[in-house]
Amino acid sequence: MQKRNVLYVMTDQHKADCTGYEGHPDAKTPHLDRLAATGTAFRHSYTANPICTPTRVSILSGQYCHNHGYFGLGGPTPGYGPGHPAKLPTFLGHFRSHGYRTAALGKLHLPDEPVDWGREDCDLYMPLQWRQSDGQSYLTYLKQHGYADDHDAEYLAEHRDQGNCAIDARPSNLPFEHSVEGYTNRHAIDFIDRAARDGKPFCMEVSYFRPHQVYTPDQRFWDLYDDDIDLPPGALDDLNPDRPPHFRKTVESTRQTRGLLQPDDPESRMRRVWRGYLASISHCDHAVGELLDHLDKTGLADNTIVVYHSDHGAYSGTFGINEKAPGICSEAVCRVPMLWRVPGMTQPGHVSPALTHTVDLAPTFACLCGLPAMQTVDGEDLTPLLRGDDDATVRDVAVTEHPWSKSLRWKQWRFVHYQPEMFDADVGELYDIDSDPLETTNLYHDPASQDVVNECRRRLLEWLIATTRIVTSLPVVPPESGPFTHATAPDGRLRRDNNPHAAHASGGTLNYL
């Protein structure tokens, strides 16, 4: 039986509701709409973390942040187990060990000390971050085509001294074919074709820079939107006193910041940012369309799983904030788009109401392709949902993590816990997303909502206890050494699904803890 291929496409900072298939009044995403029309759209998918690297570690490893320990934008290679030097496994490495050609291309944004975490798991590893040496090939390419000074996916070329992430927007000086997305696509298509010629299945991640700032889409996508485009919800509203202190501080700071371009007043910049953000989504949509068209043209679409996803969302003017921080506060950042097309399985145009999470990608890829399960993952297999079983319960809650705060989605509720030390006060958030999708009314201190607050807090605590991978509860010993080795996974950590201290586990409850 021919093995399925996997094409995983990720964008950076795509707000989940900014798509045509979700009914956004302005966002133009014809190719994502096409993918949604031929597969399954998950409308309640949540990210592991509101910033890039921690979430990307969670995606590739299938582990929650509190287990892999990554909460920052760089650092050493993730390891696992007590005192183990071994590298935390990735789904790309798992596929490669089972005969797949594997690749990771584009804005990978992974831990890179002393070397990139995912490099040895891939036949083709091509990170294009501006500051990484591999990106020099793209710079050389731009010079060869007369665009030496026009790279603008990370900052405005004319404002390099303002910092890499200066937030403003204008059309790019590069046509799409020479943009970092166009460049990435050509290498991705070449990899797909080489794998097909060699008769090998492939599993690849294609990761785009956009719609993350700086907002510099191809001119044709900029022209899809008008100067007087309607601003996102709450962009110019008065500060909501029920929002947490750091949220209010960010709004105030944003409104005091001048733009890099003219006119530079806050509202003008916000309008440019929103236009540029939507146009950057359309820019990425076009890139996705190129890959879908190539699969169709080569006949590979019939045997290739296609997933579109984003590492996290963004504000981009929503509530008066131009970036993603402080992202733990809002659905705008915690909820992400997730589209799946599995040939012979997904029902065209199906919309799943189920909660899903970024850690669910790795175990689902392995299951769909008939590979052994990865023993180090925390995520759930989404296959029942992809088959259209909306009654299947894969997860009851979805949690987005920061070190001192957690955002819980359960039923219609979105609850945010902040450690008291953060503000020296009892600060929290609770919103009924069904009746208040724009999160305008914080019910955290509402006397009538205290039962819900307490239930959310209990569920968050139970989730944290149930999912934490304990590394010192039981000794790590070889299988022939004793009866308790079933309690540990190959990474030396206590197995959540086979805990010897649980009443249902073989051996009953142990009494020495």
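Use the structure listed above.
Residue positions within a chain follow its written sequence, with the count starting from 1. Owing to the predicted nature of the model, reporting of local features is limited to residues with pLDDT of at least 70; listing and counting of side-chain atom pairs is limited to 80 or more, with chain, interface and lining totals taken over all residues. Computation of side-chain values: all heavy atoms of the structure, hydrogens and water removed.

J.: Outline the overall build of the chain, supporting the account with residue identities and numerical values.
T.: Strands are runs of DSSP state E lasting at least two residues, helices are runs of H or I lasting at least four, and both sets are numbered from the N terminus onward. From N to C terminus, the chain includes 14 helices and twelve strands. The proportion of buried residues among the 513 residues of the chain is 60%. In this description, contact between two residues means that some pair of their heavy atoms is separated by no more than 4.5 Å. Contacts in the chain between residues far apart in sequence, at least 24 positions, make up 69% of those at least 6 positions apart. The protein chains shown are the only cover counted for residues, whose accessible areas, like all others here, come from Shrake-Rupley with a 1.4 Å probe. Counting every atom, the chain has about 20,100 Å² of accessible surface; 51% of that belongs to carbon and sulfur. Residue burial is assigned from relative accessible area. The probe radius is 1.4 Å, only protein chains are included, and a residue is buried under 20% of its type maximum, exposed over 50%, and partly exposed in between.

J.: Describe the packing of aromatic side chains, and please don't skip the residues or the numbers.
T.: Ring pairs are drawn from Phe, Tyr and Trp, using the six-membered ring of Trp, whenever the two centres fall within 6.5 Å, and their geometry is named by plane angle: stacked under 30 degrees, edge-to-face over 60, tilted for the rest. For the coordinates displayed, the defined rule picks out 17 aromatic pairs. These aromatic residues form a ring-pair network of at least three members: Y8, F91, W340 and F365. The rule for a charge over a ring is simple: NZ of Lys or CZ of Arg within 6 Å of the ring centre, and within 35 degrees of the ring normal. The ring of F247 carries the charged tip of R243 above its face, separated from the ring centre by 4.4 Å. Over the ring of F319 we find R243; its NZ or CZ atom is 4.9 Å from the centre of that ring.

J.: Could you give me a rundown of the nonpolar core, with the residues and numbers involved?
T.: For the purposes of this section, nonpolar cores are sets of buried Ala, Val, Leu, Ile, Met, Phe, Trp, Tyr and Cys residues that join through side-chain atoms within 4.5 Å. Within the largest apolar cluster, 60 residues are counted, with the highest numbers of intra-cluster contacts made by M204 and L278. At 13 residues, the largest contribution of residues to this core is made by helix 9 (residues 266-298). Counting 41 residues, the second-largest nonpolar core is a separate cluster that includes L88, A362, L368 and L385.

J.: Break down unusual backbone geometry for me, with residues and values.
T.: Geometrically, the link from Q213 to V214 is a cis peptide bond, its omega value of 10° lying close to zero. For V214, the position within the fold is in the loop between strand 5 (202-211) and helix 7 (219-222). The amide bond that connects A325 to the next residue, P326, takes the cis arrangement and shows omega of -5°. Within the secondary structure, P326 is located in the loop between strand 6 (304-310) and helix 10 (331-334). In the Ramachandran plot, K411 falls in the positive-phi region, its phi being about 50° despite a non-glycine side chain. Mapping K411 onto the fold places it in the loop between strand 10 (405-410) and strand 11 (413-418). Classification of K411 as exposed rests on a relative accessible area of 58%. Phi angles above zero are rare outside glycine, and E439 is one such case at about 55°. By the element assignment, E439 lies in the loop between strand 12 (428-432) and helix 14 (450-467). On the basis of relative accessible area, E439 is assigned to the buried category, the value being 3%.

J.: Talk me through the pairing of strand 12; I want residue IDs and the actual numbers.
T.: Remember that side chains alternate between the two faces of the sheet whenever the strand is regular. Counting buried residues along strand 12, five of its five residues qualify, which places the element largely inside the surrounding structure. Here strand 12 shows two buried faces, one formed by G428, L430 and D432 and the other by E429 and Y431. Here, strands pair whenever DSSP counts at least two bridges between them. By the bridge criterion, five bridges tie strand 11 to strand 12 in an arrangement that is antiparallel. Each residue of the ladder has a partner; that of R414, found in strand 12, is Y431.

J.: Break down helix 8 (residues 245-256) for me, with residues and values.
T.: By this rule, a helix spans an expected 1.5 Å times one less than how many residues it contains. Under the 1.5 Å per step criterion, the end-to-end length of helix 8 is 17 Å for twelve residues, consistent within 8% with the ideal 16 Å. Buried residues of helix 8: F247, V251 and T254, and no others. Mapping the buried residues of helix 8 onto a view down its axis gives an arc of 65°, with all of them on the same face. Among the exposed residues of helix 8, those pointing more than 90 degrees away from its buried face are K249 and Q256. Here, the arc refers to the directions that run from the helix axis to the C-beta atoms.

J.: With reference to specific residues and values, describe the state of the cysteines.
T.: Throughout, a disulfide means two cysteine sulfur atoms within 2.5 Å of one another. This structure, assessed with the given rule, holds zero disulfides. Take C329: it sits in no disulfide, and the sulfur closest to it among the cysteines is that of C334, at 8.3 Å. According to the relative accessible area criterion, C329 is buried, its value standing at 0%. Of all cysteine sulfurs, the one in C203 lies closest to C369, which takes part in no disulfide; the gap is 6.9 Å. Assessed through its relative accessible area of 10%, C369 is described here as buried.

J.: So what's going on with the sheet that holds strand 12? Residues and values would help.
T.: Taken in spatial order, the four strands of this open sheet run 9-10-11-12, and their pairing is antiparallel. Both outer strands of the open sheet, strand 9 (397-402) and strand 12, are each paired with one neighbouring strand and no more. In this sheet, neighbouring strand axes are inclined to one another by 10° on average, regardless of whether the strands run parallel or antiparallel. Here strand 10 pairs with strand 11 via six bridges, running antiparallel. Its bridge partner lying in strand 11, S407 is registered against V416. Angular values range over 0 to 180 degrees, each being the angle between N-to-C directions of two axes fitted as lines to C-alpha atoms, with helices fitted over their stretch in contact.

Just geometry here; none of it tells us what the structure is for.
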